[in-house]
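# What the coordinates show
Listed here are the chains, written in short residue letters.
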Amino acid sequence: MSSVKLVGLDFGTTTSCAVVASAQMTRSAVSGRVELTEITEDYRSEMIFTPLGAHGSLDVRSIETHLDSWLKAGTVRPDEVFGGGALLTGLTAQSANAAALVELIRRRLGDALVATADDPCLESWLAFMGTCAGLSRSRPNLAILNLDIGGGTTNIALGRAGEVERTGCLFVGARHVQVVPGTYRIARLSRYAAALLEHLGIRKGPEDALSRAEVDAVLDFYCGLLEATVLGQSEKLADPVAHLHEQVRFRMRPVAELAVTFSGGVGELLYAHVQGKPWPATTSFGDLGIDLAQRLAQAPFWRTHLAHFQPASAGRATVYGLLRHGTEISGSTLYLPTPNVLPLPDLPILGTVSPDSTDEEVQTIVNLVLRSRRGGCIRVELSPEAGQAASPPAAALREMGGRLAGAFKSSCFPPGHPVVLLLRDNAGKTLGHYATAWGALPLSLVVVDEVAVRDAQYLHIGRPRDQVVPVSYYGLLGETL
Amino acid sequence: VKTLTPLAAIPVPEPKPEEAYRTRVADREITFRGLKSLLGAADYSKAGDRNAGLAAASETVREAARGILSGLTLQHLYEHPLTDDQGRVDSVMRVNYDVDREAFAAVAPMTLGQLKDCLLRSPGAEVARLGRGLTGVMAAAVAKLCDVHELIYIARKISRPSKARTLLGSPGTLSSRIQPNHPTDDLRGVSLLCYWGLSVGGGDALIGLNPAVDTVDNVAAILRHLDALRRRTGAPTQICVLAHIKTQLACLKRGAPVEILFQSLAGTERTNLLEFDINVDLLDEGYRTVAREGPLAGLAEQFMYFETGQGSEFTYGKHNGIDMTTTEALTYGLARRYDPYMVNNVTGFIGPETHKDSFEMVLANLQDHFMGKLLGLPMGMAPCYTLHSDITLEGQQMASELVAAAGANYYMDVCLNIDRMLAYFDTSGHDNQTLREVYGRLPAPEFLDWALERGIYTKNAAGAVERGPNWGNPSQFCDSNAEFQELVSATPASYGFASAGPRPADKVSRLVKINQGIGREAIHAELRIEELRRIAPFRLVTTQATSKDAHLGSPDLGAHLSPESRAELRPEHKQVQIVVSDGLSAEAVHHNMKDLMPVLQDGLAGRGWSCGQPILARHGRVKLAEEIADVTDAELIIYLIGERPGGDAQASRSLSAYLVYRLGKPLASGPQSNGSGAARFEYTVISNIYSGGLPPTEAGGVIVERVGDILKHKAAGNRLEAALKANA
């Protein structure tokens, strides 16, 4: 099958980078599905400090220069990009002009890949997949909790057998307290750090130097928060300052055997230390990242985990996650009578229908799609649980397809309005036929099958290639993905 | 590079009118009209020769034929070249006459009986020398006079080594070709099967893959991958992708590493030309090109690899009235022209129409090995079977033991005996190691050094080579367990890598055998007509195959309606007619119809196409669709038929949908038509319909959509694909 191009762009609190890769689309003889294999890195940019302007906003013009040089060096043509994604993460995503950067990326790369900001659960998911998906698949009975500790956030994901089960996010990171390199003199404080210092009774701000004891107090708080999260000690997260540091609450569940892995900039420092490399000089990155890594490496609780498992790509987990896992590939018998309706970017996912849904509920969701300016997606759940059935029985498809057709008909659904049905079963073609009454209803319908139906707000469907389409979710919700 | 004798310079006697060969046996006169008839009757009875009307009717007749043959001189055979159906000496026969004249002169006055005795009495080097003076017909004739011990004893004396990176076939060695076939050429699965083979000491002859897709792009990509694996592991061996010779030459031209050039061969010119799309000129060009321009030029002494097997000429109906053993020997006479590095024989691959059971397959393998070695070839063997024959794993193992005793140069290494792409069963790495230990054989010397270094083998205190700590551990070639697991996840029929001594661990063997058992049961099951009639209002038709045995053993019978059914069917002038048949798996029908038929019927009705009452055909083959289309005057047949089961129990429930479009007027041959000659029907195929592949409910939607395309464009197959591409 053919070769495709993937692009991953990560704009984090501290650093930004790009990776461009080629991959082969291969049909698995075991699953029958098309998969991306032989992912080969064609280009990897230097890690740059995310350019900042005045008052902590992004220096979009400078980023534009970097972006253009990356795309040129990676010989990326927008029309040949099949998947991947661009993510603004951590404090960068919360910058006032984050939207301008998203717009810039879309101008450069068109609808080829999803570009999104402030999507912490997606970041957690991607970091897990980029760090330890292979490890997790090879140890399917082992629960793995990945902590992606970057400049602004710690993205948490718990997974097993290569699948993420739940995610969360804390405002714990290296760069909340920025200092003059080589010293502990404060250069800038995030609003979370300012609140923390106040909570700790440290009345200091920019230009003041933190004492060793004060630095330790900050690190104690961060490590305590991380430990309480991993151990599921929700009572320790109850006080207002701890609560302020929770972006998305992570709810740990009991597991028989747990491994903890690290990624992000702090994770990279930790594993370099485990491999015997010396620590960088004191605050040489102008933040507390090195100190946080040292504190974690010294604590017996974390040290055990560090010694046991050393995942791949710790420092660039998000971008590798984007590259390898940010895009899913549909089944190859999707319902797509008019391929030129694709790509369909930024489609809202508006609800779920199942055999238990009433006719009124089905009609309500169809009406929501009708009222959505861009059209929309409906999740269709036919088999009770993921992986339980390759395809639902003919009677179930006929029934569900007939009810959808009835709803489309009674709402006088207009022909050009995009509507996408998503399902995990291999039944897209036949469901599409039934839902259009075997072509009698002139709908602009796409049925994408054999994809994980995630709890997300938006969906991005790329152009078809070799009878499949790339699908990316963003705006992930909930704890169970 | 060997100088090839121009065809015109090879002297061949003029064909003569058929002689009558007569003898008296216990007051009974037995006559054979012509040499072809005599040779056919003198052989062990095998299904292909019985189906061709060539086998002797009884043991008495067979022994009578052998008696006559035994008294004929080699000179007589020389002077009576076998001809094709037009009375011509074809190019394959002509090449067979390119013999060592001095050696032939020594045996020409001998009778075949005397020649056999001479071969039994002579030392190996003399046997090898005399063999180069024989044509294929002569080698086949003497093989027919040999019993099992003689086929083994004579062949065992002949050494036919060949050399590329490794030295193959030297005394005391038994080598293997890793055959890492994968149904979709998934390079991850290919890697795993190569790693497995190398870890059990296999692959010293070759790493050779039969591609699922024979295109220059795909074959070049696989060649590069195999080359990378060879370099990564450091294994001293050579690589090959067994694509068509034209594809490989195009790959070589593009710079892909075509180290050994492969081609399937047959023993008649018509089979080679019309079925394999090759002739002697093309083979000559291929040999010269790879020897001069291939990566092993200047390093190897041989460059060609041929695959053969009894019965292909008969299966294609192009055997020129010659029996299977003789056409096989003629193939060897053709292969000998190119001094090949490897020749391997896959007798048993075709099915019960050529070799019905283990006995026929075992004897054929011994004959083939004997004839190949005698004629001068470095013979490797692949005793094999399909589930629709009565050959069993145990029968195949008996063949392997006997041919190893006879001194085969190498075997195939097909992981756990299951070819995941070709759905048949061959020798395995476990088998090869078992035979090495039973017969005291070692891998090729260069490869052995490498395997000792890797701990795949080790030397004991007495200096004897034994399995080492890394024997049977394919993950030793991976960087991580995660990498290994990914390779495993891409490989069907991964039943485990645990071993017990040189054999698979029992838990692995049990999985292999239960999957085969289920597959075989699916083939022999009969359609449950009443159960199927509860799903759809089927009308039943029968074919000329009146029993399951007849259906499996004579494919042509299932391609035609029985006279009664033909009389019952009338022209109905419908657009679409559904036909369901057991084919080679009635269970595939039983497992899929419940979900497939309702969707199909809803779709055909929803689209408003006129349809005939569904037909259920017992003991049908694919070609039956054409006759039903003609008799009912249907524009399109949706023919749902059970596929031949392989080594996966679930896949033995796999159904194919052949969409057979009847052309208004026949298409002349050309690039846009399907196949050679004027085409009356075009086929679009949707395969792998079962719960683990394309689920039956989804298949219904796919079939309806494709029927719409065919009716709209009035084309199927290649023409439809071209039309859809043009519209995209």
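Residues numbered from 1 in each chain as written. Chains lettered and ligands numbered in written order. Predicted model: local features only at pLDDT ≥ 70, side-chain atom pairs only at ≥ 80, totals over all residues. Heavy atoms only, no water.

When its secondary structure is counted, chain A shows 14 helices and 20 strands. Taken over the C-alpha trace, chain A has a radius of gyration of 23 Å; the compact-globule value for 481 residues is 23 Å, and the two agree within 12%. Burial status across chain A gives 58% buried among its 481 residues. Pairs at least 24 apart in sequence give 70% of the contacts found in chain A among residues at least 6 apart. Carbon and sulfur atoms make up 51% of the accessible area of chain A, which amounts to about 18,300 Å² in all. (Helix = DSSP H or I, 4+ residues; strand = E, 2+ residues; numbered from the N terminus. Rg over C-alpha atoms; globule rule 2.2 N^0.38 Å. Buried < 20%, exposed > 50% of the residue type's maximum accessible area, 1.4 Å probe, protein only. Contact = heavy atoms within 4.5 Å. Areas by Shrake-Rupley, 256 points an atom, 1.4 Å probe, with all protein chains shown as cover.)

A few words now on the overall build of chain B. Looking only at helices and strands, chain B has 30 helices and 22 strands in total. Against the globule reference of 27 Å for 728 residues, chain B gives a C-alpha radius of gyration of 26 Å, in line with a compact fold. Each of the three principal axes of chain B carries a C-alpha extent, and together these read 75 × 75 × 45 Å. Expressed as a percentage of its 728 residues, the buried residues of chain B come to 62%. Counting only contacts in chain B whose residues sit at least 6 apart along the sequence, the fraction spanning at least 24 positions is 75%. For chain B, the exposed area adds up to about 25,300 Å²; of that, 51% sits on carbon and sulfur atoms. In chain B, which carries 75 positive and 85 negative side-chain charges, the distance between the mean positions of the two groups comes to 1 Å. (Lys, Arg positive; Asp, Glu negative; His and termini not counted. Charge placed at Lys NZ, Arg CZ, Asp CG, Glu CD.)

The next subject is the sheet that holds strand β7 (residues 239-241) of chain B. All names here are of chain B. If you walk across this open sheet you meet the 8 strands as β7-β6-β5-β12-β11-β10-β9-β8, and the pairing is parallel. On the outer flanks of this sheet lie β7 and β8 (261-264), each paired with one strand and no other. Across the sheet, the axes of successive neighbouring strands diverge by a mean angle of 25°, strand direction being ignored. Looking at chain direction, strand β5 (residues 175-178) and strand β6 (residues 206-209) are connected through 2 bridges and run parallel. Along β6, the bridge assignment pairs arginine 177 with leucine 206. Against the sheet, helix α18 (residues 358-375) makes contact with β10 (342-345) and β11 (379-381), and its axis sits at roughly 165° relative to β11, the strand it touches most. (Pairing = 2+ DSSP bridges. Axes fitted to C-alpha atoms, helices over the stretch in contact; angles between N-to-C directions.)

A separate point is unusual backbone geometry. Residues and elements named next belong to chain A. In this structure, proline 343 follows leucine 342 across a cis peptide bond, with omega equal to 5°. Here proline 343 shows up in the loop between β14 (328-329) and β15 (344-353). Positive phi values are uncommon outside glycine, yet threonine 283 reaches one of about 40°. Counting through the fold element by element, threonine 283 comes out in the loop between α8 (264-274) and α9 (289-298).

Right, let's talk about a nonpolar patch on the surface for a bit. All names here are of chain B. Where nonpolar side chains cluster on the molecular surface, the patch consists of Leu511, Ile514 and Ile518 and spans about 230 Å² of accessible area. With respect to the element layout, leucine 511 can be found in helix α23 (residues 506-524). Residue leucine 511 is classed as partly exposed on the basis of its relative accessible area, which comes to 37%. (Patch = residues over 30% accessible without salt bridge, like charges linked within 9 Å, V, L, I, M, F, W, Y side chains within 5 Å. Salt bridge = Lys/Arg side-chain N within 4 Å of Asp/Glu carboxyl O.)

This part covers the confidence of the model for chain A. A residue-level look at chain A finds 96% of positions with pLDDT of 70 or above and a mean pLDDT of 87. Taken element by element, the predicted model of chain A shows its lowest mean pLDDT in helix α11 (residues 317-325) of chain A (74) and its highest in helix α14 (residues 428-435) of chain A (97). (pLDDT = per-residue confidence, 0-100.)

Residue and element names in this part refer to chain A. Contact geometry for helix α13 (residues 394-410) and α14: axes closest at 7 Å, N-to-C directions at 45°. By the angle class used here, α13 and α14 are oblique. Here the hand of the crossing between α13 and α14 comes out right-handed. In this structure, α13 uses Leu397, Arg398, Met400, Gly401, Gly402, Leu404, Ala405 and Phe408 to contact α14, whose residues at the interface are Thr430, Leu431, Tyr434 and Ala435. For the contact of α13 with α14, the residue count by class is 8 nonpolar, 3 polar and 1 charged. (Parallel < 35°, antiparallel > 145°, perpendicular 65-115°, else oblique. Left-handed = near helix turned anticlockwise from the far one by under 90°. Nonpolar A, V, L, I, M, F, W, Y, C, P; charged D, E, K, R; others polar.)

Bringing the packing of aromatic side chains into the picture now. All names here are of chain B. Under the counting rule described, the total for this entry stands at 22 aromatic pairs over all chains. When the centroid spacing of 4.8 Å and the interplanar angle of 80° are considered together, the rings of phenylalanine 349 and tyrosine 424 count as edge-to-face. Residue phenylalanine 349 is found in the loop between β10 and α18, and its partner tyrosine 424 is found in the loop between β12 (410-413) and α20 (429-439); the two are separated by 75 residues along the sequence. With a relative accessible area of 26%, phenylalanine 349 lands in the partly exposed category. Across from the ring centre of tyrosine 44, 4.5 Å away, lies the NZ or CZ of arginine 66, which sits over that ring. (Phe/Tyr/Trp six-rings, centres within 6.5 Å; stacked < 30°, edge-to-face > 60°. Lys NZ or Arg CZ within 6 Å of the ring centre and 35° of its normal.)

Before going further, it helps to spend a moment on the pattern of salt bridges. When the charged atoms of two side chains lie near each other, side chains of opposite charge can form a pair. Tallied over the entire structure, the rule returns 68 salt bridges over all chains. Its salt-bridge partner being A:Arg212, residue A:Asp216 comes within 3.0 Å of it at the nearest N-O pair. Here the residue A:Asp216 and the residue A:Arg212 both occupy positions in helix α6 (residues 212-231), the gap between them amounting to 4 residues, near one helical turn. What makes A:Asp216 partly exposed here is its relative accessible area of 22%. Assessed through its relative accessible area of 43%, A:Arg212 is described here as partly exposed. The residue B:Arg177 makes a salt bridge to B:Glu307 at a minimum N-O spacing of 3.3 Å. Of this pair, B:Arg177 sits in strand β5 while B:Glu307 sits in strand β9 (residues 304-308); the two residues are 130 residues apart in sequence, bridging distant segments of the chain. Assessed through its relative accessible area of 0%, B:Arg177 is described here as buried. Taking the relative accessible area as the measure of exposure, B:Glu307 reaches 12% and is therefore buried. Salt bridges sharing partners connect three or more residues here, namely A:Arg212, A:Asp216, A:Asp220, A:Asp291 and A:Arg295.

On to the interface of chain B and chain A. Think of interface size as the accessible area that goes away when the parts come together; that is how it is often given. Contact with chain B, which involves 32 residues of that partner, is made by 28 residues of chain A. Summing both sides of the interface, chain B and chain A together bury roughly 2,200 Å²; the carbon and sulfur share of this comes to 55%. At the junction of chain B with chain A, the criterion picks out 3 salt bridges. A salt bridge links A:Glu35 to B:Arg188; the shortest N-O distance between them is 2.6 Å. Taken together, the connections running from chain B to chain A amount to 14 residue pairs in polar contact (both at pLDDT 80 or more). Looking at the side of chain B that touches chain A residue by residue, the classes come out as 11 nonpolar, 14 polar and 7 charged. (Buried area = accessible area lost by both parts, 1.4 Å probe. Polar contact = N/O pair within 3.5 Å; in protein donor to acceptor, adjacent residues only side chain to side chain.)

Below, the discussion takes up the side chain of B:Lys46. Residues and elements named next belong to chain B. Examined against the element boundaries, lysine 46 turns out to sit in the loop between α1 (35-41) and α2 (47-51). Accessibility expressed as a relative area gives 1% for lysine 46, which makes it buried. With residues up to four places along the chain from it excluded, the contact list for lysine 46 reads Gln310, Met324, Thr325, Thr354, His355, Glu360, Ala364 and Gln367.

The subject of this paragraph is helix α5 (residues 191-199) of chain A. All names here are of chain A. All buried positions along α5 are accounted for by Tyr192, Ala193, Leu196 and Leu197. All buried residues of α5 lie within an arc of 135° about the axis, which places them on one face of the element. Seen from the open side of α5, the exposed residues pointing more than 90 degrees away from its buried face are Arg191 and Glu198. Where α5 is buried, its residues meet α2 (90-93), β10 (177-179), β11 (186-189), α6 and α7 (240-244). Positioned one or two residues after α5, glycine 201 has a phi angle of 75°, which is positive. (Arc of directions from axis to C-beta.)

Here we come to the sheet that holds strand β9 (residues 163-170) of chain A. Residue and element names in this part refer to chain A. Strand order in the open sheet formed by 5 strands is β12-β9-β8-β7-β13, and the pairing between neighbours is mixed. Both edges of this open sheet fall to β12 (246-248) and β13 (258-263), since each of them pairs with a single strand only. Adjacent strand axes in the sheet meet at a mean angle of 25° when their direction is disregarded. Pairing geometry for β9 and β12, over 2 bridges, is antiparallel. The partner of cysteine 169 across the bridge, within β12, is valine 248.

So, on to the nonpolar core. Core analysis: the largest hydrophobic core is formed by 173 residues, its most contacted members being B:Leu226 and B:Tyr305. A:Val362, B:Ala586, B:Met593 and B:Leu720 belong to the second largest nonpolar core, which has 70 residues in total. (Core = buried A, V, L, I, M, F, W, Y, C linked by side-chain atoms within 4.5 Å.)

Our focus in this paragraph is the pairing of β13(A). Residues and elements named next belong to chain A. With 5 of 6 residues buried, β13 lies mostly within the body of the structure. Relative to β13, strand β7 (residues 143-149) is paired through 6 bridges, and the arrangement is parallel. Within β13, the position partnered with leucine 147 by the bridge is phenylalanine 262.

Below, the discussion takes up the pairing of strand β17 (residues 418-422) of chain A. Residues and elements named next belong to chain A. Counting buried positions over the 5 residues of β17 gives 5, a clear majority of the element. With burial as the criterion, each face of β17 is covered, one bearing Pro418, Val420 and Leu422 and the other bearing Val419 and Leu421. Relative to β17, strand β16 (residues 376-380) runs parallel, the two being bridged by 4 bridges. Opposite glycine 376, over in β17, you have valine 419 as the bridge partner. Chirality of the crossover, the property in question, places the unit of β17, α14 and strand β18 (residues 444-448) among those that are right-handed. (Right-handed = clockwise from strand over helix to strand, strands pointing away.)

The full count for this structure, using the stated rule, is 0 disulfides over all chains. Free of any disulfide, B:Cys146 has its nearest neighbouring cysteine sulfur in B:Cys118, separated by 12 Å. (Disulfide = S-S within 2.5 Å.)

Residue and element names in this part refer to chain B. Relative to the helices and strands, threonine 215 resides in the loop between β6 and α12 (216-233). Accessibility expressed as a relative area gives 37% for threonine 215, which makes it partly exposed. A sequence separation of 62 residues divides threonine 215 from aspartate 277, and the C-alpha atoms of the two residues are 15 Å apart.

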